[in-house]
Amino acid sequence: MLEIKNVSKSYGRHTALSNLCLNIPEGALYGLVGPNGAGKTTAIKIISGIIYPDKGDILFNNISLVKEEKNSKEIVGYVPDVLGIYDDMTVFEYMTFFASTYGLTGYVARKKAEILLEQVGMTDKRDFYLNELSRGMQQKLCVARALIHDPALIIMDEPASGLDPRARYELKELLQELNAGGKTVLLSSHILSEVSEICTDIGIIEGGRKIISGSVEEILDKV
Ligand code: ADP
Ligand code: ADP
């Protein structure tokens with residue numbers, strides 16, 4: 001289980017999260033929902049180890065992701081929303097490059113790249129240059145990259161925004177496949193119906209505080 005325990009975060013005088021508590025069951029496909037400004041991005045960045053909370057802790061099966069940076073690196077696969085400045089690389093080169101940042105080289109790196117591209121359905125794009133990819137394909141490649149170190153938890157911030165309907169459909173399929181394969185998946189959205197379609201559990205936040213959380217059935221019953 002991933003526990004967000006009494007997490008607070010301010011930017012200067014502006015409070016983004018205020019004593020936020022959420023429990024994300026292991027194996028869940030979890031949707032963090034709230035209007036713009038609710039604190040979703042802040043929560044996701046804290047869970048992913050990108051920024052630190054002012055107060056509180058994040059525990060994954062009782063291991064703190066805040067107190068030990070290496071724990072968060074090992075456990076979390078944060079899916080960035082851009083590929084970065086690697087336009088002159090092919091998809092395959094991009095994957096082997098990021099594999100090398102995890103110490104994988106040669107045959108092992110190439111094999112890993114092949115397996116992950118297959119997993120996200122991009123085997124036929126392996127020799128495409130990054131700047132030739134659609135938004136949806138770029139996102140799939142970001143997912144493949146986040147899977148290199150085999151993290152237990154996959155995290156995406158507003159993954160459906162900016163995708164056309166077909167790419168949205170493929171994103172849903174991919175998230176459900178990853179989840180069925182044993183990954184706990186956390187994603188955010190400002191649209192409840194978008195996540196209630198695919199998620200097992202939902203947490204709704206507003207003004208940096210929890211409004212309600214529970215299984216999809218419980219939430220849809222109450223809102
Ligand atoms: P959401 O992802 O739900 O839109 P955010 O976590 O991005 O919410 O933002 C929560 C609140 O914190 C918002 O009011 C936002 O304007 C504010 N905020 C976010 N980042 C910063 C920052 N770097 N500096 C100041 N205020 C920020
Ligand atoms: P999202 O829509 O993903 O929540 P935003 O568009 O709110 O992201 O924020 C984009 C960037 O601007 C983030 O890095 C965030 O920290 C920063 N930011 C958001 N709100 C503010 C703010 N009020 N003051 C300063 N920076 C902010």
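Note that the structure is a prediction, hence the values are computed from the model and not measured.

Here is what the cut-offs are and how they apply
- Residues numbered from 1 in each chain as written.
- Chains lettered and ligands numbered in written order.
- Predicted model: local features only at pLDDT ≥ 70, side-chain atom pairs only at ≥ 80, totals over all residues.
- Heavy atoms only, no water.
- Helix = DSSP H or I, 4+ residues; strand = E, 2+ residues; numbered from the N terminus.
- Expected span 1.5 Å × (residues − 1).
- Buried < 20%, exposed > 50% of the residue type's maximum accessible area, 1.4 Å probe, protein only.
- Contact = heavy atoms within 4.5 Å.
- pLDDT = per-residue confidence, 0-100.
- Near = heavy atom within 4 Å.
- Polar contact = N/O pair within 3.5 Å; in protein donor to acceptor, adjacent residues only side chain to side chain.
- Areas by Shrake-Rupley, 256 points an atom, 1.4 Å probe, with all protein chains shown as cover.
- Axes fitted to C-alpha atoms, helices over the stretch in contact; angles between N-to-C directions.
- Parallel < 35°, antiparallel > 145°, perpendicular 65-115°, else oblique.
- Left-handed = near helix turned anticlockwise from the far one by under 90°.
- 1 Å grid on protein atoms, 1.4 Å probe; cavity = no way out; pocket = protein on both sides within 12 Å on 5 of 7 lines; lining within 4 Å.
- Points joined across faces, edges and corners; volume = space filled by probe spheres on them.
- Nonpolar A, V, L, I, M, F, W, Y, C, P; charged D, E, K, R; others polar.
- Salt bridge = Lys/Arg side-chain N within 4 Å of Asp/Glu carboxyl O.
- Pairing = 2+ DSSP bridges.

Peer 1: Lay out helix 5 (residues 135-146) in plain terms, naming residues and giving numbers.
Peer 2: With 12 residues, helix 5 ought to run about 16 Å at 1.5 Å a step, and its terminal C-alpha atoms sit 17 Å apart, in line with that. Within helix 5, 9 of the 12 residues are buried, leaving the element largely enclosed by the surrounding structure. Along helix 5, the positions that sit buried rather than exposed are Gly136, Met137, Gln139, Lys140, Leu141, Cys142, Val143, Ala144 and Ala146. Elements in contact with the buried residues of helix 5: strand 6 (76-79), helix 3 (91-101), helix 4 (106-119), strand 7 (153-156) and helix 6 (165-180).

Peer 1: Tell me about the confidence of the model for the protein, and name the residues and values.
Peer 2: The pLDDT averaged across the protein works out to 96; a share of 100% of its residues lies at or above 70. For this predicted complex, the interface confidence score (ipTM) comes to 0.76, while the overall pTM stands at 0.92.

Peer 1: Quick rundown of the site of ligand 2? Include the residues and the values.
Peer 2: In the vicinity of ligand 2, the contacting residues are Thr41, Lys45 and Asp157. A distance of 2.7 Å separates an oxygen atom of ligand 2 from a polar atom in the side chain of Thr41. With respect to ligand 2, the side chain of Lys45 contributes an N or O atom lying 3.3 Å from an oxygen atom. Protein coverage of the free-state accessible area of ligand 2, which is 560 Å², stands at 19%.

Peer 1: Could you give me a rundown of the packing of helix 5 against helix 6, with the residues and numbers involved?
Peer 2: It is at 10 Å that the axes of helix 5 and helix 6 come closest, and there the two elements cross at 15°. Relative to helix 6, helix 5 is oriented roughly parallel. For the element pair helix 5 and helix 6, the recorded crossing hand is right-handed. Taking contact as the criterion, the partners of Gly136, Gln139, Lys140 and Val143 in helix 5 are, on helix 6, Ala167, Glu170, Leu171, Leu174 and Leu178.

Peer 1: For the layout of surface pockets, give the residues involved together with the corresponding values.
Peer 2: Within this model, the largest pocket holds a volume of roughly 380 Å³. Forming the boundary of the largest pocket are 16 residues, of which Ser48, Lys73, Val76, Tyr78 and Tyr102 lie nearest the centre. Listing elements by their share of the lining of the largest pocket, those giving two or more residues are helix 2 (69-75), strand 6, helix 3 and helix 5. The residue makeup of the lining of the largest pocket, split by class, is 7 nonpolar, 6 polar and 3 charged. Within this model, the second largest pocket holds a volume of roughly 150 Å³. What lines the second largest pocket is Tyr78, Val79, Pro80, Asp81, Arg135, Gln139, Cys142, Met156, Asp157, Glu158, Pro159 and Ser161. Of all the secondary structure elements, the ones that give two or more residues to the lining of the second largest pocket are strand 6 and helix 5. At 3 residues, helix 5 tops the list of elements feeding residues into the lining of the second largest pocket.

Peer 1: Lay out the pattern of salt bridges in plain terms, naming residues and giving numbers.
Peer 2: Counting across every chain of the model gives 13 salt bridges. A salt bridge links Lys9 to Asp54; the shortest N-O distance between them is 4.0 Å. Taken together, the residues Lys9 in strand 1 (residues 2-11) and Asp54 in the loop between helix 1 (40-47) and strand 4 (55-60) connect sequence positions 45 residues apart. Where Glu170 meets Arg166, a salt bridge forms, and the shortest distance between an N and an O atom there is 3.1 Å. Of this pair, Glu170 and Arg166 both sit in helix 6, separated by 4 residues, roughly a single helical turn. Residues participating in the shared-partner salt-bridge network are Lys111, Glu114, Arg126 and Asp127.

Peer 1: Quick one: what's the story with the sheet that holds strand 2 (residues 14-24), residue by residue and with numbers?
Peer 2: The strand order across the open sheet built from 4 strands is 2-1-4-5, with neighbouring strands paired in antiparallel fashion. The sheet terminates laterally at strand 2 and strand 5 (63-64), the two strands that pair on one side only. Contacting strand 1, strand 2 and strand 4, helix 1 crosses the sheet at an angle of about 120° to strand 1.

Peer 1: Describe empty space enclosed by the protein, with residues and values.
Peer 2: In the structure shown here, the tally under the stated rule is 3 cavities of 30 Å³ or more. Considered as a void within the structure, the largest cavity measures approximately 100 Å³ in volume. Together, Pro159, Ala160, Arg168, Leu171, Lys172, Leu175, Leu187, Ser188, Ser189, Glu194, Val195 and Ile198 line the largest cavity. At the level of elements, helix 6, strand 8 (184-189) and helix 7 (192-196) are the ones that each hand at least two residues to the lining of the largest cavity. Ranked by the residues each element gives to the lining of the largest cavity, the list is headed by helix 6, at 4 residues. Residue classes in the lining of the largest cavity are distributed as 7 nonpolar, 2 polar and 3 charged. Approximately 40 Å³ is the volume attributed to the second largest cavity. Looking at the second largest cavity, the residues that line it are Gly136, Gln139, Lys140, Val143, Ala167, Glu170, Leu171 and Leu174. Counting only elements with at least two residues in the lining of the second largest cavity, the list comes to helix 5 and helix 6. Of the residues that constitute the lining of the second largest cavity, the class distribution is 4 nonpolar, 2 polar and 2 charged.

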